[in-house]
Amino acid sequence: MGQLDASIVTLAFPAMAAHFHADPEWISLSYLITLVALLVPMGRIADRVGRKIVYIYGFALFTGASVACVYAPGFDALIAARIAQAVGAAMLQANSVALVTTAVAPEERRKALGVQAAAQAAGLAAGPLLGGYLTENHGWQAVFAINVPIGIIAMIAGHYLLPRTKTARDKGKPTWKVLPGLLGVLLTYAVLFAPMTLLPFTMEQPLAHIGLTVAALPLGFAIAATLLSRPGIRTGALITAVALLMPVPQVVQLVVVGIGLGIIAPACTKRVMGALPEGSAGVGSGLVNVARGLGTALGVAVATLLIHTFQ
C-alpha cells in the first residue's frame, strides 16, 4: 500500500495541478521527505515496544489520512494530509523488512526479502495502472480513496496473523558495513522512480496507455525480485546497463531494466540486514527504507528538473 500510494499519484499530477493551481511535485515530495525523516526513529521505537502494534497503528493512521486527502478543501490541507500519511507509512515501512527478516531462516532470507521487494514493486506497478484509470473515470480523489479498503483489510489481517513481538534492545550499533548495501538500494530506487515520474509528462497518449508503459518497469522488478534469487548485484547491474543500450521498443526496455533492478535491490537489502544483530532489525529496516525513500526522492527530483528544463 505504501508503494502503491507513492506511485499512483504520479498519473494524477496533471489533474491535481489543474484543480489546485499549484506545483504537484510537492504532493509527492512532502510525503517522501517526511517518510525518510521518520523511518529510523520508528524502527527504533518498534524494536522497543513491539513491531506488531506499531505496524497496525501505522495502517490505521495511513488509512485515516487517506480519507483526509480525499476531502482536502485546499492544497495546504492536502499537503498536511499527505504528511500524516507519511507518518503512518513510516510506521509500516520501518517494520516491513524487520518482520520478514526475523521470521525466516538465514538461508531463506534472500528469497524472502525478494518477495517483500516484489510486493513493493507490485504496488509500484499497480499505481500507474490504477492511477490512470481512476483519474480518468473517477477524478484524482479516487487515487487516495483506494487506500481505505486496503487499509481496513490489512488492519484486520495484521491483528489476527502477526505475532506480538518485542525484542530486547541490542547495544550493537550499525557499522560501516551497511553503507554499500544502502547506497545500492538508494541508486536502485532512484533509477526506478525517475522514469515513472518523467513519462506521464512526456508521452502524448491516453492515460491508460501511459499507465501500461510506466508499469512495465516495476513489473520487471517484481518478476526478478520474486523468481531470481541467485544472481548477484553485478549481474543485475550488467542487465540494467545492457538494457539501456538495447535497440528495442520502450516497453521491452523498461521491463528488462526492471529485471536488473529487481536483482540488485533484494541482494543489497540482504547485505544490510545481515550486517546487523536481530535486536536492531527494526533500525535496519528503517535504514533500508530511508535509502529507498531517498532514492525515490532523488528520482522524482531529477525527473522534475528535466521536466522544468525542457518544457
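Residues numbered from 1 in each chain as written. Predicted model: local features only at pLDDT ≥ 70, side-chain atom pairs only at ≥ 80, totals over all residues. Heavy atoms only, no water.

S.K.: It is not clear to me how the overall build of the chain should be interpreted in this structure. Could you clarify?
M.R.: When you go through the chain residue by residue, the secondary structure sums to 13 helices and zero strands. For the chain, the N- to C-terminal ordering of α and β elements is α-α-α-α-α-α-α-α-α-α-α-α-α. Radius of gyration (C-alpha) of the chain: 19 Å, near the 19 Å computed for a compact globule of 311 residues. Judged by the C-alpha coordinates and their principal axes, the chain covers about 50 × 45 × 30 Å. (Helix = DSSP H or I, 4+ residues; strand = E, 2+ residues; numbered from the N terminus. Rg over C-alpha atoms; globule rule 2.2 N^0.38 Å.)

S.K.: I would appreciate a short explanation of the confidence of the model for the chain in the present structure.
M.R.: Predicted coordinates in areas of low pLDDT are best not read in detail. For the chain, the average pLDDT comes to 83, and 94% of its residues sit at 70 or higher. Confidence, read as mean pLDDT per element, is least for helix H1 (residues 2-8) in the chain (75) and greatest for helix H4 (residues 51-70) (92). (pLDDT = per-residue confidence, 0-100.)

S.K.: Would you explain the environment of Tyr-31 in this entry?
M.R.: Checked against the element boundaries, Tyr-31 lands in helix H3 (residues 25-49). We classify Tyr-31 as buried; its relative accessible area is 1%. Sequence separation between Tyr-31 and Ala-241 is 210 residues; the distance between their C-alpha atoms is 30 Å. Ignoring sequence-local partners within four residues, the contact set of Tyr-31 consists of Gly-2, Asp-5, Ala-6, Phe-62, Arg-82, Gln-85, Ala-86 and Ala-89. (Buried < 20%, exposed > 50% of the residue type's maximum accessible area, 1.4 Å probe, protein only. Contact = heavy atoms within 4.5 Å.)

S.K.: Looking at this model, I keep getting lost on helix H5 (residues 75-101). Mind explaining?
M.R.: Residues lying three or four places apart along an α-helix face the same way, a consequence of the helix completing one turn every 3.6 residues. Here H5 spans 39 Å end to end across 27 residues, near enough to the 39 Å set by a 1.5 Å rise per residue. Of all the bends in H5, the greatest measures close to 25° and is centred on Asn-95. With 20 of 27 residues buried, H5 lies mostly within the body of the structure. (Expected span 1.5 Å × (residues − 1). Bend = angle between axes of the 7 residues up to and from the residue.)

S.K.: How should I be thinking about the nonpolar core in this particular structure?
M.R.: The tendency in soluble globular proteins is for nonpolar side chains to be buried as a group. Leu-182, Tyr-189, Leu-192, Leu-217, Phe-221 and Val-288 are the most contacted members of the largest nonpolar core, which totals 39 residues. Within the residue set of this core, elements represented by two or more residues are H5, helix H6 (109-138), helix H9 (179-202), helix H10 (207-227), helix H12 (250-274) and helix H13 (281-310). It is H12 that contributes the most residues to this core, nine residues altogether. (Core = buried A, V, L, I, M, F, W, Y, C linked by side-chain atoms within 4.5 Å.)

S.K.: How do you make sense of unusual backbone geometry when you look at a structure like this?
M.R.: For residues that are not glycine, phi is negative in most cases, and the peptide bond is trans in most cases. Although it is not a glycine, His-21 adopts a positive phi angle of roughly 55°. For His-21, the position within the fold is in the loop between helix H2 (13-20) and H3.

S.K.: Help me understand the packing of helix H11 (residues 233-245) against H12 in this model?
M.R.: Relative to each other, H11 and H12 sit at 160°, their axes nearing to 8 Å. As judged from the angle between their axes, H11 and H12 are roughly antiparallel. Handedness of the H11/H12 crossing: left-handed. Along its contact with H11, which presents Ile-233, Gly-236, Ala-237, Ile-239, Thr-240, Ala-243, Leu-244 and Leu-245, the element H12 presents Gln-253, Val-256, Val-257, Gly-260, Leu-261, Ile-263, Ile-264, Ala-267, Cys-268 and Arg-271. Looking at the contact of H11 with H12, its residues break down into 13 nonpolar, four polar and one charged. (Axes fitted to C-alpha atoms, helices over the stretch in contact; angles between N-to-C directions. Parallel < 35°, antiparallel > 145°, perpendicular 65-115°, else oblique. Left-handed = near helix turned anticlockwise from the far one by under 90°. Nonpolar A, V, L, I, M, F, W, Y, C, P; charged D, E, K, R; others polar.)

S.K.: Please explain the packing of aromatic side chains as it appears in this structure.
M.R.: Here the distance between the centres and the angle between the planes together describe a pair of aromatic rings. Inspection of the entire model under this criterion finds five aromatic pairs. A network of ring pairs unites the aromatic residues Phe-20, Phe-75, Trp-140 and Phe-144 as a single cluster. (Phe/Tyr/Trp six-rings, centres within 6.5 Å; stacked < 30°, edge-to-face > 60°.)

S.K.: Looking at this model, I keep getting lost on a nonpolar patch on the surface. Mind explaining?
M.R.: On the surface, a nonpolar cluster with roughly 370 Å² of combined accessible area is contributed by Ile-45, Val-49, Ile-53 and Tyr-57. Put simply, the parts of the chain that give the nonpolar patch at least two residues each are H3 and H4. You can see Val-49 is positioned in helix H3. (Patch = residues over 30% accessible without salt bridge, like charges linked within 9 Å, V, L, I, M, F, W, Y side chains within 5 Å. Areas by Shrake-Rupley, 256 points an atom, 1.4 Å probe, with all protein chains shown as cover. Salt bridge = Lys/Arg side-chain N within 4 Å of Asp/Glu carboxyl O.)

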